[in-house]
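Notes for the structure review
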Amino acid sequence: MKQGILAGIAAYVMWGLFPIYWKLLLEVPALEILAHRMVWSLVFTALLLLVGRDWAWLKTALHDRRLLLTYTLAATLLGFNWFTYIWAVNAGYVVESSLGYFINPLVSMLFGVVFLKERLRRGQLVAVALAAAGVLYLTISYGSLPWIALVLSTTFATYGLIKKIAPLGSAHGFTLETLVLFLPALGFLLLQESRGVGAFAHQSALTTTLLAFAGPVTSIPLLLFGMAARRIPLSMVGFLQYIAPTGQFLLGVLAYHEPFPPARLVGFSIIWAAFAVYTLEGVIFNRRLAPAES
């Protein structure tokens, strides 16, 4: 279990530090960063599969139209989520982006009720109601929806829903998703190069290196997360997942000095209360469940 905890912490710390990485690429358009992220993610995962000689599943997957459609939809949602996040970070919305990942587990829980006919326990209902109240308060106080947070949470929750019902394991599924995204991403990068506006190898050595390493930076925390999910209880994974948005939030406020007026503090506090209720309820439920299963 210790290795699982360490893997989980490492994954969420890396995700929490993502704003620093994308801020270093501030001069590169978000769409171009996204394309490099897609291309180099496939290169990285392909190398891992090559080293592990784990290719047998791919031939079957590529001949299954329903499977390809499922993972094409998942890849589209993931790409849209990545683009929104990269754009938001480099446009100065790190704090609002963190809000999206604070409420994401609650959106996922709501999707489970709507699409998978799951039933919420009383504490979970309280958490969802508090989160909705927090979003409503932020909407009223600012006069508009916190759309970045809602796009990030909704796209990632929908992606998670598809992954839950999809048949492939996390590593194979992610490889197929990056394979779907690879050709349009590569085509876009080649178009940028032909127009003479591509950043890769035309800006600083640091920029070129960061673009190339966007693949490993994307893939490694996903692999660590997969390791953690297999080795530690789900309730602990649920608790650890708040490391990432907390790190993003602190970076936005303390490092990048994004505005955080009292009205936003109130709204965030309501949502933090929601995740506190959600986490505490999960811990209590699992502790009660453990003796019954032993």
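Scoring rules and cut-offs
Residues numbered from 1 in each chain as written. Predicted model: local features only at pLDDT ≥ 70, side-chain atom pairs only at ≥ 80, totals over all residues. Heavy atoms only, no water. Helix = DSSP H or I, 4+ residues; strand = E, 2+ residues; numbered from the N terminus. Contact = heavy atoms within 4.5 Å. Phe/Tyr/Trp six-rings, centres within 6.5 Å; stacked < 30°, edge-to-face > 60°. Buried < 20%, exposed > 50% of the residue type's maximum accessible area, 1.4 Å probe, protein only. Arc of directions from axis to C-beta. Axes fitted to C-alpha atoms, helices over the stretch in contact; angles between N-to-C directions. Parallel < 35°, antiparallel > 145°, perpendicular 65-115°, else oblique. Left-handed = near helix turned anticlockwise from the far one by under 90°. Nonpolar A, V, L, I, M, F, W, Y, C, P; charged D, E, K, R; others polar. Expected span 1.5 Å × (residues − 1).

All right, on to the side chain of Ser 153 then. Note on placement: Ser 153 falls in helix H8 (residues 147-165). Not counting the four nearest positions on each side in its chain, Ser 153 is found in contact with Gly 100, Ile 103, Asn 104 and Val 107.

Take the packing of aromatic side chains next. Taken as a whole and judged by the stated rule, the model has 19 aromatic pairs. Here the aromatic rings of Trp 40 and Phe 200 are separated by 5.9 Å at their centres, their planes lie at 35°, and the arrangement is tilted. Here the residue Trp 40 occupies a position in helix H3 (residues 30-52), and Phe 200 occupies one in the loop between helix H9 (170-194) and helix H10 (205-212), the gap between them amounting to 160 residues. With a relative accessible area of 25%, Trp 40 lands in the partly exposed category. Among the residues examined, Phe 200 registers a relative accessible area of 28% and is labelled partly exposed. For the pair Phe 268 and Trp 272, a centre-to-centre distance of 5.6 Å together with 70° between the ring planes defines the contact as edge-to-face. Of this pair, Phe 268 and Trp 272 are both found in helix H14 (residues 262-293), four residues apart, which corresponds to roughly one turn of the helix. With a relative accessible area of 1%, Phe 268 lands in the buried category. Here a set of aromatic residues connected by ring pairs shows up, and it is made of Phe 102, Tyr 242, Phe 249, Phe 260, Phe 268, Trp 272 and Phe 275.

In this section: H10. For H10, the full list of buried residues reads Thr 207, Thr 208, Leu 210 and Leu 211. The buried residues of H10 occupy an angular sector of 165° when the element is viewed end-on, so they sit on one face. Turned more than 90 degrees away from the buried face of H10 sit Ala 205 and Leu 206, all of them exposed.

Let's shift gears to the environment of Ile 162. Tracing the sequence through the fold places Ile 162 in helix H8. For the pair Ile 162 and Leu 73, spaced 89 residues apart in the sequence, the C-alpha separation amounts to 8.3 Å. Setting aside residues up to four positions removed in sequence, Ile 162 forms contacts with Thr 70, Leu 73, Ala 74 and Leu 77.

This paragraph deals with the packing of H3 against helix H5 (residues 65-90). Between H3 and H5, the least distance of the axes is 9 Å, while the angle of their chain directions is 135°. As the angle between them shows, H3 and H5 are arranged oblique. Two packed elements cross with a definite hand, and for H3 against H5 that hand is right-handed. Contacts between H3 and H5 involve Ala 30, Leu 31, Ile 33, Leu 34, Arg 37, Met 38 and Ser 41 on the former and, on the latter, Gly 79, Trp 82, Phe 83, Ile 86, Trp 87 and Asn 90. Class assignment of the residues belonging to the contact of H3 with H5 gives a composition of nine nonpolar, three polar and one charged.

Here the focus is the environment of Tyr 159. Within the secondary structure, Tyr 159 sits in helix H8. C-alpha of Tyr 159 to C-alpha of Leu 48: the two residues are 111 residues apart in sequence and 23 Å apart in space. When residues no more than four places from it in sequence are discounted, the contact partners of Tyr 159 are Ala 74, Leu 77, Leu 78 and Glu 177.

Let's shift gears to the environment of Ala 166. Relative to the helices and strands, Ala 166 is located in the loop between H8 and H9. A C-alpha to C-alpha distance of 25 Å links Ala 166 and Tyr 242, two positions 76 residues apart in sequence. Aside from chain neighbours lying at most four places away, what touches Ala 166 is Thr 70 and Tyr 71.

With that settled, consider H3. A rise of 1.5 Å per residue sets the reference length of H3, with its 23 residues, at 33 Å; its end C-alpha atoms lie 33 Å apart and thus fit the reference within 8%. Just downstream of H3, Arg 53 is the residue with a positive phi angle, here 50°.

This is a description of form; function is not addressed.
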